[in-house]
Amino acid sequence: MYLYALKIILLLAIASAYAIYDVYNKRNVPEIFVYTCFAVGLVMTLTYTITVAVLSILIAVAILAIGYVLYKAGQLGLGDSFEFATISLIMPIQQSAVLIDNNQFGIPFIISVFIATGVFALIAVPIYYAALAPKSQNEKDIRVSKNNIAKGVILFMAYLLLFAYLTFFFGFRIYSLIIILILAIPSAILGFYEKRINMRMIRFVPASSLDEGDIIATNLMSNSEIKYFKGVSKQFGRLATRKLISEIKHTSRKLPVYKAAVPLALFILIGTIVSILFGDILLLLI
């Protein structure tokens with residue numbers, strides 16, 4: 001019991017520190033902190049049986065491998081991958097939730113964290129960027145297109161079909177309907193205002209002002225702009241690497257960069273807390 005409490009404290013402390021760095025340090029997490037936390041996670045595997053320890057390390061390796069691929073593709077920060085791996089090392093399998101005595105079916109704890117993180121990001125991102133985030137001068141001519149309306153409607157209907165499926169097999173449950181609606185409404189908003197939300201996430205900065213690890217919004221660039229930068233550097237893509245920055249920093253053109261994107265570590269913290277308290281939230285649907 002004391003060891004389990006220690007692991008929960010470590011999870012909350014590490015996830016909180018990551019979130020603080022992400023929010024207040026311009027999404028920059030010191031490498032020494034990242035590697036130290038990862039080392040702590042490795043030490044915690046010594047508290048498990050050989051079988052669980054090996055499983056824990058294999059899961060962490062898989063997370064880092066997938067995370068590195070996503071990092072090189074400009075889809076995920078490398079620090080976020082290490083945070084997920086560290087969380088998994090500290091608690092590879094969750095036996096039961098703190099507040100709900102429900103069977104977790106041996107599901108790796110990190111999967112519960114992934115799901116909860118994604119759910120809360122899905123809820124917060126469209127609400128914040130569509131309604132609360134400062135307007136961008138570059139979004140003046142952006143209107144909700146027919147394609148965006150269709151996308152929003154399709155997403156909403158997909159969630160309703162999921163609810164119908166769950167009701168058919170498990171019966172009607174009011175909290176299942178509430179959870180489905182909580183997911184469906186923000187998803188529809190995300191579909192309606194996709195371009196506007198993207199514009200509010202970016203800032204146009206000179207190539208010389210890029211930081212290593214920045215994500216370039218190539219999806220918001222014209223074909224001619226992409227062609228120009230690829231002519232300057234064959235390395236040009238979504239991820240701003242040190243080599244790319246050195247090759248294009250002399251150009252006078254500005255680039256759309258996700259400088260105002262949401263701090264993912266904040267949602268990882270929320271996902272970790274929710275998973276500790278309630279387990280895998282998708283299991284609440286059944």
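The model shown is predicted, which means the values in this text are computed figures rather than measured ones. (Residues numbered from 1 in each chain as written. Predicted model: local features only at pLDDT ≥ 70, side-chain atom pairs only at ≥ 80, totals over all residues. Heavy atoms only, no water.)

1. Digging into the overall build of the protein
Logical step 1: From N to C terminus, the protein includes 11 helices and 2 strands.
Logical step 2: For the protein, the α and β elements follow one another from N to C terminus as α-α-α-α-α-α-α-α-β-α-α-β-α.
Logical step 3: Computed over the C-alpha atoms, the radius of gyration of the protein is 21 Å, within 12% of the 19 Å expected from 2.2 N^0.38 for a compact globule of 286 residues.
Logical step 4: Overall, the C-alpha framework of the protein stretches about 60 × 45 × 30 Å when taken along its three principal axes.
Logical step 5: Buried positions account for 41% of the 286 residues belonging to the protein.
Logical step 6: Of all intrachain contacts in the protein linking residues separated by at least 6 positions in sequence, the fraction that spans at least 24 positions is 76%.
Logical step 7: Accessible surface for the protein amounts to roughly 15700 Å². Of this, 67% is attributable to carbon and sulfur atoms.
Logical step 8: Averaging the locations of the 24 positively and 14 negatively charged side chains of the protein gives two centres separated by 9 Å. (Helix = DSSP H or I, 4+ residues; strand = E, 2+ residues; numbered from the N terminus. Rg over C-alpha atoms; globule rule 2.2 N^0.38 Å. Buried < 20%, exposed > 50% of the residue type's maximum accessible area, 1.4 Å probe, protein only. Contact = heavy atoms within 4.5 Å. Areas by Shrake-Rupley, 256 points an atom, 1.4 Å probe, with all protein chains shown as cover. Lys, Arg positive; Asp, Glu negative; His and termini not counted. Charge placed at Lys NZ, Arg CZ, Asp CG, Glu CD.)

2. Quick notes on the nonpolar core
Logical step 1: In terms of nonpolar packing, the biggest core is built from 26 residues, with Leu11, Tyr18, Ile87, Phe109 and Ile110 touching the most fellow members.
Logical step 2: Mapped onto this core, the elements with two or more residues apiece are α1 (2-24), α2 (31-44), α3 (50-72), α4 (78-90), α5 (109-132) and α11 (264-278).
Logical step 3: Apart from residues lying up to four places away in sequence, Ile87 is in contact with Leu11, Phe109, Ile110, Val113, Ile268 and Thr272.
Logical step 4: Among the nonpolar cores identified, the runner-up in size contains 15 residues, and Val125, Ile215, Leu239 and Tyr258 belong to it. (Core = buried A, V, L, I, M, F, W, Y, C linked by side-chain atoms within 4.5 Å.)

3. Side note on the environment of Ile185
Logical step 1: Tracing the chain through its elements places Ile185 in helix α7 (residues 174-192).
Logical step 2: You can call Ile185 partly exposed: its relative accessible area is 46%.
Logical step 3: For the pair formed by Ile185 and Tyr159, sequence separation is 26 residues and the distance between their alpha carbons is 9.3 Å.

4. Focus: the packing of aromatic side chains
Logical step 1: Considering all chains together, one arrives at 11 aromatic pairs under this definition.
Logical step 2: Each ring, one from Phe84 and one from Phe114, has its centre 4.6 Å from the other, and the planes form 65°; the classification is edge-to-face. Highlighted residues: Phe84 in helix α4 and Phe114 in helix α5, separated in sequence by 30 residues.
Logical step 3: When the ring of Phe229 is compared with that of Phe236, the centres are 5.2 Å apart and the planes differ by 15°; the resulting orientation is stacked.
Logical step 4: When its relative accessible area of 1% is taken as the criterion, Phe229 is described as buried.
Logical step 5: Members of the aromatic cluster, each reached through a chain of ring pairs, are Tyr18, Tyr21 and Phe33.
Logical step 6: We note Arg253 situated over the ring of Tyr228; from NZ or CZ to the ring centre the distance is 3.7 Å. (Phe/Tyr/Trp six-rings, centres within 6.5 Å; stacked < 30°, edge-to-face > 60°. Lys NZ or Arg CZ within 6 Å of the ring centre and 35° of its normal.)

5. Comments concerning a nonpolar patch on the surface
Logical step 1: A cluster of nonpolar residues, Leu162, Tyr165, Phe168, Phe169 and Phe170, forms a patch on the protein surface that exposes about 570 Å² of accessible area.
Logical step 2: Tyr165 gets classed as partly exposed once you look at its relative accessible area, which sits at 47%. (Patch = residues over 30% accessible without salt bridge, like charges linked within 9 Å, V, L, I, M, F, W, Y side chains within 5 Å. Salt bridge = Lys/Arg side-chain N within 4 Å of Asp/Glu carboxyl O.)

6. Quick look at the packing of α1 against α11
Logical step 1: Running from N to C, α1 and α11 cross one another at 160°; their axes reach a closest spacing of 7 Å. Put simply, α1 runs roughly antiparallel to α11. The handedness of the crossing between α1 and α11 comes out as left-handed. Together, Ile8, Leu11, Leu12, Ala15, Ser16, Tyr18, Ala19 and Asp22 of α1 and Leu264, Ala265, Leu266, Leu269, Thr272, Ile273 and Ile276 of α11 make up the contact between the two elements.
Logical step 2: Of the residues that constitute the contact of α1 with α11, the class distribution is 12 nonpolar, 2 polar and 1 charged. (Axes fitted to C-alpha atoms, helices over the stretch in contact; angles between N-to-C directions. Parallel < 35°, antiparallel > 145°, perpendicular 65-115°, else oblique. Left-handed = near helix turned anticlockwise from the far one by under 90°. Nonpolar A, V, L, I, M, F, W, Y, C, P; charged D, E, K, R; others polar.)

7. Things to note about the side chain of Ser56
Logical step 1: Here Ser56 is to be found in helix α3.
Logical step 2: Here Ser56 falls in the buried class, since its relative accessible area comes to 0%.
Logical step 3: The residues touching Ser56, leaving out its near neighbours within four places in the chain, are Thr45, Ser88, Leu89 and Pro92.

8. Some details on the packing of α1 against α2
Between two packed helices, what matters for the description is the angle formed by their axes and the separation of those axes.
Logical step 1: It is at 12 Å that the axes of α1 and α2 come closest, and there the two elements cross at 165°. Between α1 and α2, the angle is such that the two are roughly antiparallel. Classified by chirality, the crossing of α2 by α1 is left-handed. Each of Leu3, Lys7, Leu10, Ile14, Ala17, Tyr18 and Tyr21 in α1 lies in contact with α2, whose residues at this interface are Phe33, Val34, Cys37, Val40 and Met44.
Logical step 2: Of the residues belonging to the contact of α1 with α2, the class tally is 11 nonpolar, no polar and 1 charged.

9. A few points about the environment of Gly67
Logical step 1: You can see Gly67 is positioned in helix α3.
Logical step 2: A residue is classified by how much of its surface remains accessible, and Gly67, at 3% relative accessible area, is buried.
Logical step 3: Once the C-alpha coordinates of Gly67 and Phe82 are considered, the two residues, 15 residues apart in sequence, prove to be 8.2 Å apart.
Logical step 4: Here Gly67 is in contact with Leu76 and Ser81, once residues within four sequence places are set aside.

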